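Below are the chains, spelled out letter by letter.
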Amino acid sequence: MDKRDLSTIFRDRLRTLLQRSGANQSAFASAVGIDRSALSQLLSGASTRLPRAETLLNIASEHKVSLDWLLGLSQDEGLTGEIRESLEIEEAAGGFDRTLLATWHAEAAGTKIRYVPAGFPDLLRTDALIEYEAGISNKSREAQLGETQYRIDYSRRPETDMEVCMPRHTLEIFARGLGIWDRFPPEARAEQLDHMARLLDDLYPSFRLYLYDGRMRYSIPYTIFGSLRAAIYVGDMYLVLNAIQPVRTLTRHFDNLIRAADVNAHEAASFTASLSRL
């Protein structure tokens, strides 16, 4: 790992421990055996230097976290001494509020979440669309309703910063009742698009939707949680990437999708509303 990356992760996690402790900087520094000026320097980011091994051990011991977590080698705080695998497979189980996906969203609060959906973004779907799609798949209607409400509530939090990027033609195909939506009634499609437009307007700028030309670009569905984790959706499973480099590669891919967008976030609500009149 690059020394600058290591220093940034350590600084972020040190700030987390300071905030969690409820102590002021002087008390926090004293508890781990350093003076306040040294702590201020570590938190400032003015240098990429890490503290001495003794100080790192004191911080980890005092706050009951592992060195692996403190240095960004693991996502797990526990004192297990294990380094988490860079690639994991997790089941995409029902009951969103009880899944790892919800946990990852909670852990990423205050950082940017980047999301490429497999179809309609979950929080923008009406009950009618959820019911219809549940009828043509093996997904639980109740689980999807719970996921939709959770995501709406999450997007209304003041610390939320979420960007979503999807192909423009997904909305255009839906508006015309083609593909899997050929039996979804026209009035329900219009209601869905109007509902989506209202939410996009209501949640902006915490939630920003970008639409790109799917004939020019392609993307698998995935979510990036801050800078340390990404989950690639593969049907009933998620491939979870915990290593910094592949997360950064996916982040660059997402940023390129946004650069290629021909409907930007401030235009998404009006564009979606216009499709309801097709």
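So, here's what we can say about the structure. Per chain, residue numbering runs from 1 following the sequence as it is written. It should be noted that, the model being predicted, local features are given only for residues of pLDDT at least 70 and side-chain atom pairs only at 80 or more, the latter also being counted only at that level, while totals for whole chains, interfaces and linings use all residues. With hydrogens and water set aside, each side-chain value is computed from the structure's full complement of heavy atoms.

1. Overview of the packing of aromatic side chains
As a reminder of what qualifies: Side-chain rings of Phe, Tyr and Trp, where Trp is taken by its six-membered ring, are said to pair if the distance between their centres is within 6.5 Å; with planes under 30 degrees apart they count as stacked, over 60 as edge-to-face, and otherwise as tilted. Secondary structure elements are defined from DSSP: runs of H or I of at least 4 residues count as helices, runs of E of at least 2 residues count as strands, and each element is numbered from the N terminus. Here the term buried applies to any residue with accessible area under 20% of the maximum for its type, exposed to any over 50%, and partly exposed to those in between, with areas from a 1.4 Å probe on protein chains only.
If you walk through the whole model with that rule in mind, you get eight aromatic pairs. Look at Phe-174 and Phe-184: their rings are 5.9 Å apart centre to centre, the planes differ by 45°, and that puts the pair in the tilted class. Of this pair, Phe-174 sits in helix H9 (residues 168–175) while Phe-184 sits in the loop between H9 and helix H10 (186–203), and the two are 10 residues apart along the sequence. Take Phe-174: its relative accessible area is 0%, and that puts it in the buried class. Cluster of aromatic residues (ring-pair linked, three or more members): Phe-120, Tyr-132, Phe-174, Trp-181 and Phe-184.

2. Let's talk about the pairing of strand E6 (residues 229–233)
Put simply, the rule is: Strand pairing is assigned whenever DSSP detects at least two bridges linking the two strands.
Of all five residues in E6, four are buried, a share of seventy percent or more. As judged from the four bridges shared by strand E5 (residues 222–225) and E6, these two strands associate in the antiparallel manner. Looking at the pairing, Tyr-222 lines up with Ile-232 of E6. Note that E6 and strand E7 (residues 237–241) share four bridges and pair antiparallel. Note that in E7 the partner of Ala-230 across the bridge is Leu-241.

3. A few points about the nonpolar core
It is characteristic of soluble globular proteins that their nonpolar side chains tend to be buried jointly. The condition that has to hold: In these notes, a set of buried Ala, Val, Leu, Ile, Met, Phe, Trp, Tyr and Cys residues joined through side-chain atoms within 4.5 Å is what counts as a nonpolar core. In what follows, residue pairs with any heavy atoms lying within 4.5 Å of each other are defined as contacts.
Leu-171, Leu-200, Phe-207 and Leu-209 are the most contacted members of the largest nonpolar core, which has 40 residues in total. It is H10 that contributes the most residues to this core, six residues altogether. Leaving out residues up to four positions away in the same chain, Leu-209 has contacts with Val-164, Met-166, Met-196, Leu-200, Val-263, Asn-264, Ala-265 and Ala-268. Judged by nonpolar contacts, the second largest core, of 19 residues, contains Phe-10, Leu-18, Val-65 and Leu-70.

4. Quick notes on the packing of H10 against helix H12 (residues 268–275)
A pair of packed helices can be characterised by two numbers: the angle between their axes and the separation between those axes. Convention followed: Whenever a helix is involved, its axis is fitted only over the stretch in contact; in every case the axis is a line through C-alpha atoms, and angles between N-to-C directions fall within 0 to 180 degrees. Oblique is the label for any angle not under 35 degrees, not over 145, and not in the 65 to 115 range, which are roughly parallel, roughly antiparallel and roughly perpendicular in turn. Asp, Glu, Lys and Arg are counted as charged, while Ala, Val, Leu, Ile, Met, Phe, Trp, Tyr, Cys and Pro are counted as nonpolar; the rest, among them Gly, fall into the polar class.
Running from N to C, H10 and H12 point in directions that differ by 170°, and their axes come no closer than 8 Å. In terms of orientation, H10 lies roughly antiparallel with respect to H12. Contact residues: H10 offers Leu-193, Asp-194, Met-196, Ala-197, Leu-200 and Asp-201, while H12 offers Ala-268, Ala-269, Thr-272, Ala-273 and Leu-275. In terms of residue class, the contact of H10 with H12 is built from eight nonpolar, one polar and two charged.

5. Concerning the pattern of salt bridges
Should their charged atoms come close, side chains of opposite charge can pair. Test applied: Only one rule defines a salt bridge in this text: a Lys or Arg side-chain nitrogen within 4 Å of an Asp or Glu carboxyl oxygen.
Applying the stated rule across the entire model yields 11 salt bridges. Between Glu-163 and Arg-208 there is a salt bridge, with the nearest N and O atoms lying 3.1 Å from each other. Of the two residues, Glu-163 sits in strand E3 (residues 161–167) while Arg-208 sits in strand E4 (residues 207–212), which places them 45 residues apart along the sequence. Assigned by exposure class, Glu-163 and Arg-208 land together as buried. Salt bridges here are not isolated pairs; linked through shared partners, they connect Lys-112, Asp-161, Glu-163 and Arg-208.

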